[in-house]
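The lines below spell out each chain.
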2 protein chains.
Amino acid sequence: MAKEEASGKLEWRINVPDGTWKNLEAESGIVGKFWLRLKCLILGGLISRVVGFWEKIWKIGVGEPRKVIHCIKVGVALCIVSLFYYMRPLYDDFGGNAMWAVMTVVVVFEYTVGATLSKCINRAVATFLAGALGVGIHWVADHSGNEMRPIILGISVFLFASAATFSRFIPSVKARFDYGAMIFILTFSLVSVSGFRVVELIELAQQRLSTIAIGTSLCIFVTMLFCPVWAGCELHRLIHQNIEKLADSLDACVVEYFKDSGNLSDQEDINKKIQGYKCVLNSKATEESLSNFARWEPTHGQFNFGHPWKQYLKLGVALRKCAYCIETLNSCIGSEIQAPPCIRENLGDKCLKVSCYSTKVLKELVITIKKMKKSSKIDFRVAEMNFAVKELRDALKSLPSHVIAPLSIATIEQPPEAKTGEPISNANVPPIMKVLPLVTAVSLLIEIAARIGGIVDAVEELASLAEFEPAKEQKPKQNQPTNVSTLKV
Amino acid sequence: MAKEEASGKLEWRINVPDGTWKNLEAESGIVGKFWLRLKCLILGGLISRVVGFWEKIWKIGVGEPRKVIHCIKVGVALCIVSLFYYMRPLYDDFGGNAMWAVMTVVVVFEYTVGATLSKCINRAVATFLAGALGVGIHWVADHSGNEMRPIILGISVFLFASAATFSRFIPSVKARFDYGAMIFILTFSLVSVSGFRVVELIELAQQRLSTIAIGTSLCIFVTMLFCPVWAGCELHRLIHQNIEKLADSLDACVVEYFKDSGNLSDQEDINKKIQGYKCVLNSKATEESLSNFARWEPTHGQFNFGHPWKQYLKLGVALRKCAYCIETLNSCIGSEIQAPPCIRENLGDKCLKVSCYSTKVLKELVITIKKMKKSSKIDFRVAEMNFAVKELRDALKSLPSHVIAPLSIATIEQPPEAKTGEPISNANVPPIMKVLPLVTAVSLLIEIAARIGGIVDAVEELASLAEFEPAKEQKPKQNQPTNVSTLKV
């Protein structure tokens with residue numbers, strides 16, 4: 001084999017002596033070709049991965065330009081604090097005070113104002129408390145003799161570190177003071193370990209607190225003045241966007257279920273809308289962290305300091321309850337067995353009505369939350385929805401006659417709503433299995449309407465707690481009964 | 001008024017000159033009484049709050065003793081690192097190296113081994129990279145003249161800090177290298193800001209890396225040797241506990257729906273079991289963080305380094321899909337309209353069968369995951385479940401005749417399964433609305449069984465990816481067909 005290869009090489013060299021590239025290729029033989037291909041493959045894969053990665057980054061940046069702005073803000077804050085210290089002639093020690101200001105900026109600067117404030121306050125208070133406690137323990141240790149000193153210090157570090165660590169497991173502490181507990185342990189340990197005397201310690205503590213104050217105030221300044229991202233606003237937006245997504249999802253889901261022919265041009269759009277409920281299902285963690293941060297934020301825009309952020313969590317729970325139902329409804333869509341067309345059409349109209357009015361209720365809630373203004377129409381919208389549900393129930397009550405009775409009885413018992421339906425084509429009794437997915441979908445739709453009622457209640461509670469602007473008295477309110485009666489026809 | 005009060009005081013003083021307590025009470029008057037009551041109220045409230053807080057802490061401690069052990073571990077690690085440095089005669093500077101070791105221990109020590117390892121590796125690698133880059137930039141700046149120096153340093157800090165901050169928004173980076181990105185920014189800024197020359201910097205970097213190495217290795221040592229809490233084990237346990245909760249919840253839900261008389265002694269237990277699905281709904285965030293940490297863990301117990309932790313997330317998704325359905329089913333239980341007893345009983349038996357066999361499938365999966373051993377029975381269990389579903393469908397198919405036809409037709413068409421049912425007492429046609437919740441529940445139950453199939457698939461994928469032990473060939477396998485046929489009777 002080796003001999004053959006060698007002669008092969010020779011032959012190539014003799015035949016094509018001018019082409020260095022070809023010469024190289026010939027030299028490498030089969031192994032070389034394999035290597036070249038592998039290289040192309042690896043390089044190609046690498047390039048495509050790098051391109052994919054950059055596309056992802058580009059998407060994030062274009063999708064949320066505020067994230068890019070946040071990065072610039074961090075860079076600016078760090079530059080300011082760095083150069084500030086760099087310029088100072090006093091500064092000549094790496095481990096000195098500059099470090100604490102830089103560190104504070106790096107660690108404390110978060111995306112939302114609430115998160116930054118929460119960390120700043122936690123850091124400042126915890127540093128102060130732990131520093132004071134550490135100095136106290138130091139004083140006690142200093143006055144206890146050289147032998148007792150390390151024992152006292154060791155025991156105190158052990159006790160306070162353990163206690164503070166444990167406090168981080170308590171949910172209420174974890175939600176608000178997790179970072180503070182960590183800084184407490186850190187500062188207390190550092191102060192305790194330090195070999196300084198108390199007087200020196202106090203001086204050091206002053207310096208340290210002042211540098212932390214510089215860092216935190218710079219962070220707060222930059223984060224609040226340039227394109228601030230308020231956790232409260234984000235939470236507010238997230239909630240009303242979720243309600244909107246739920247509305248779209250419900251609407252698209254029911255339309256998809258009852259549509260006659262697949263209009264493929266809209267299909268992608270509809271599928272995307274249907275998936276909206278998934279966002280609602282997955283937003284629990286985001287809601288909770290935003291609500292935690294929002295509590296730290298001062299008055300901004302339409303939100304006061306004591307804004308009932310916790311109510312947003314309750315609203316989120318109500319939204320998710322509705323989303324669970326839509327998820328289940330969504331799985332009905334895929335079921336293969338379909339109800340007979342006449343029943344489908346009759347119930348379909350009613351179902352579409354229910355989903356249409358439910359969507360209207362949800363959209364009204366979106367406007368209420370967006371404008372932070374009580375809606376004058378919401379009661380009417382809910383009544384409309386409830387009426388549509390009632391109509392659906394009535395249509396359902398008249399269903400068994402279609403399902404089981406022969407044609408003659410069916411036509412007699414056919415209610416006026418069903419007149420538009422085709423005449424039942426076969427006298428054979430359609431088994432209930434055929435209508436099972438439909439009946440389930442209808443039942444789920446009714447449940448969804450009930451759960452939307454829960455969302456309405458949660459929004460109304462929010463409106464009263466947050467003191468939304470009262471609704472303007474509208475003149476066309478007198479028309480409402482007429483509207484309802486037209487629905488009855 | 002003031003005069004009257006003064007005279008009142010005087011009178012009291014004269015009448016009761018011996019009692020200082022009474023004297024005080026008299027002096028304070030109505031305002032004082034109010035104050036006393038307020039004090040009692042506040043103190044009482046405070047005491048009850050403190051007691052409540054301690055009870056909560058006690059519960060956490062007793063419920064998970066490993067959390068207490070973790071706190072002790074943190075305390076021990078800090079004591080070791082503190083006293084180690086405290087004892088060293090070399091050590092006489094607060095801002096010196098000791099600080100970095102203490103800080104590393106405080107910041108890096110986490111509850112699970114995976115989280116600690118992830119932070120350790122992130123910290124070490126990020127410090128090294130940023131340090132090297134910082135020294136490089138420093139070198140360039142030193143060779144660019146005094147005027148260009150701050151500009152180059154400023155621009156580099158800005159660029160790298162912004163880029164690293166942006167990388168924290170990329171989900172895949174955030175999941176694994178969030179802490180590393182922060183440490184990168186911190187170290188790079190510190191090195192850039194420092195006024196040292198490159199030679200000094202390298203010496204400093206060495207010291208710094210060695211102290212970080214001491215801190216991290218101490219953390220890893222303590223966290224892995226004394227009662228280690230492995231994120232992988234936790235995830236594994238969480239998943240099989242969730243499957244078990246789902247099984248109990250489903251079972252309790254169906255039993256609750258079809259039970260005849262409220263057995264109040266078990267009621268609390270059943271209600272608690274029903275709520276089990278809520279844990280499954282809320283465990284997404286925990287699963288994701290545990291899976292992220294588990295990937296960092298070395299081989300431990302039954303888990304190898306490359307264990308397919310991502311598959312656990314897929315399994316979690318399948319579990320939640322099932323839980324959504326159970327949540328919807330749960331709301332059927334509360335519905336006031338109940339189906340006629342004969343239908344209830346007939347369908348009830350079948351439903352209980354389905355839930356019983358579904359539960360068995362889930363419990364078998366629990367055993368499979370717990371023992372990490374493929375089950376020989378699972379196919380049989382799934383077949384049982386599917387058969388029960390088929391029976392339920394059959395029972396449902398014969399339902400319309402009960403629902404709508406008069407007694408005579410009903411008895412003719414009554415299928416053999418329905419023989420046990422009571423004769424229909426009233427010839428009146430029960431409207432479909434009465435059976436609607438029941439039919440919906442049945443439909444949901446069928447959907448739940450289908451989704452349990454999804455869970456089975458996910459577990460089987462996990463079993464093949466994680467190379468679970470193959471099932472032992474069991475002798476009673478030959479009996480299986482007989483079992484199935486007995487079910488048919």
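Above this note sits the structure.
Let me sum up the structure you'll find in this document. (Residues numbered from 1 in each chain as written. Chains lettered and ligands numbered in written order. Predicted model: local features only at pLDDT ≥ 70, side-chain atom pairs only at ≥ 80, totals over all residues. Heavy atoms only, no water.)

1. Observations concerning the interface of chain A and chain B
Which entries qualify depends on this criterion: By definition, residues are in contact when any of their heavy atoms lie within 4.5 Å. Buried area: the sum, over both parts, of the accessible surface (1.4 Å probe) that disappears when the two are put together. Basic side-chain nitrogens of Lys or Arg form a salt bridge, by our definition, when they fall within 4 Å of a carboxyl oxygen of Asp or Glu.
Every contact between the two is made by 83 residues of chain A and, on the other side, 82 residues of chain B. Buried surface at the junction of chain A and chain B, both sides included, amounts to about 7,600 Å², of which 80% is carbon and sulfur. Where chain A meets chain B, there are two salt bridges. Here Glu327 of chain A ties to Arg451 of chain B by a salt bridge, and the two come within 2.7 Å at their closest N and O atoms.

2. With respect to the side chain of Ser375 of chain A
Residues and elements named next belong to chain A. Which entries qualify depends on this criterion: Counting from the N terminus, the helices are the DSSP runs of H or I reaching at least four residues and the strands are the DSSP runs of E reaching at least two. Each residue's exposure class comes from its accessible area (1.4 Å probe, protein chains only) as a fraction of the maximum for that residue type: buried when under 20%, exposed when over 50%, partly exposed otherwise. Contacts described as polar in this section are N or O atom pairs within 3.5 Å, which, within protein, must combine one atom able to donate a hydrogen with one able to accept it, while residues neighboring in sequence count only if both atoms come from side chains.
Mapped onto the fold, Ser375 is located in the loop between helix 14 (341-371) and helix 15 (378-397). On the basis of relative accessibility, which here comes to 18%, the residue Ser375 falls in the buried class. Reaching out from Ser375, the side chain makes a polar contact with the backbone nitrogen of Lys377 at a distance of 3.0 Å. Discounting chain neighbours no more than four positions away, the residues touching Ser375 are Glu364, Thr368 and Ala471.

3. Details of the packing of helix 9 (residues 231-258) of chain B against helix 14 (residues 341-371) of chain B
As a reminder, the rule being used: The angle between two axes is taken between their N-to-C directions and runs from 0 to 180 degrees, where each axis is a line fitted to C-alpha atoms and a helix contributes only its stretch in contact. Each angle is binned into one of four classes, with values under 35 degrees roughly parallel, values over 145 roughly antiparallel, values of 65 to 115 roughly perpendicular, and all other values oblique.
Direction vectors running N to C along helix 9 of chain B and helix 14 of chain B enclose 170°, while the axes themselves pass 9 Å from each other. For the element pair helix 9 of chain B / helix 14 of chain B, the angle class is roughly antiparallel.

4. Quick notes on the packing of aromatic side chains
The condition that has to hold: For Phe, Tyr and Trp, rings pair up if their centres lie within 6.5 Å, where Trp contributes its six-membered ring, and each pair is then called stacked (planes under 30 degrees apart), edge-to-face (over 60) or tilted (otherwise). Any Lys NZ or Arg CZ that is within 6 Å of a ring centre and within 35 degrees of that ring's normal is treated as a charge sitting over the ring.
Evaluated as defined, the whole model comprises 17 aromatic pairs over all chains. Note on Phe177 of chain A and Trp296 of chain A: the rings are 6.1 Å apart at their centroids and 90° apart in plane angle, and the pair reads as edge-to-face. Residue Phe177 of chain A is located in helix 7 (residues 171-193), and its partner Trp296 of chain A is located in the loop between helix 12 (284-294) and helix 13 (309-333); the two are separated by 119 residues in the primary sequence. Classification of Phe177 of chain A by relative accessible area gives partly exposed; the value is 38%. Taking relative accessible area as the criterion, Trp296 of chain A reaches 14% and is therefore assigned buried. Every member of this aromatic cluster is reached through a ring pair, and the members are Tyr111 of chain A together with Phe166 and Phe169 of chain B. Residue placement shows Lys119 of chain A over the ring face of Tyr179 of chain A; its charged tip is 4.8 Å from the ring centre.

5. Some thoughts on the environment of Lys284 of chain A
All names here are of chain A. Mapped onto the elements of the fold, Lys284 is located in helix 12. Residue Lys284 is classed as partly exposed on the basis of its relative accessible area, which comes to 24%. Spatially, the C-alpha atom of Lys284 lies 35 Å from that of Trp100, the residues being 184 residues apart in sequence.

Read these as layout, nothing more, since geometry by itself doesn't imply function.
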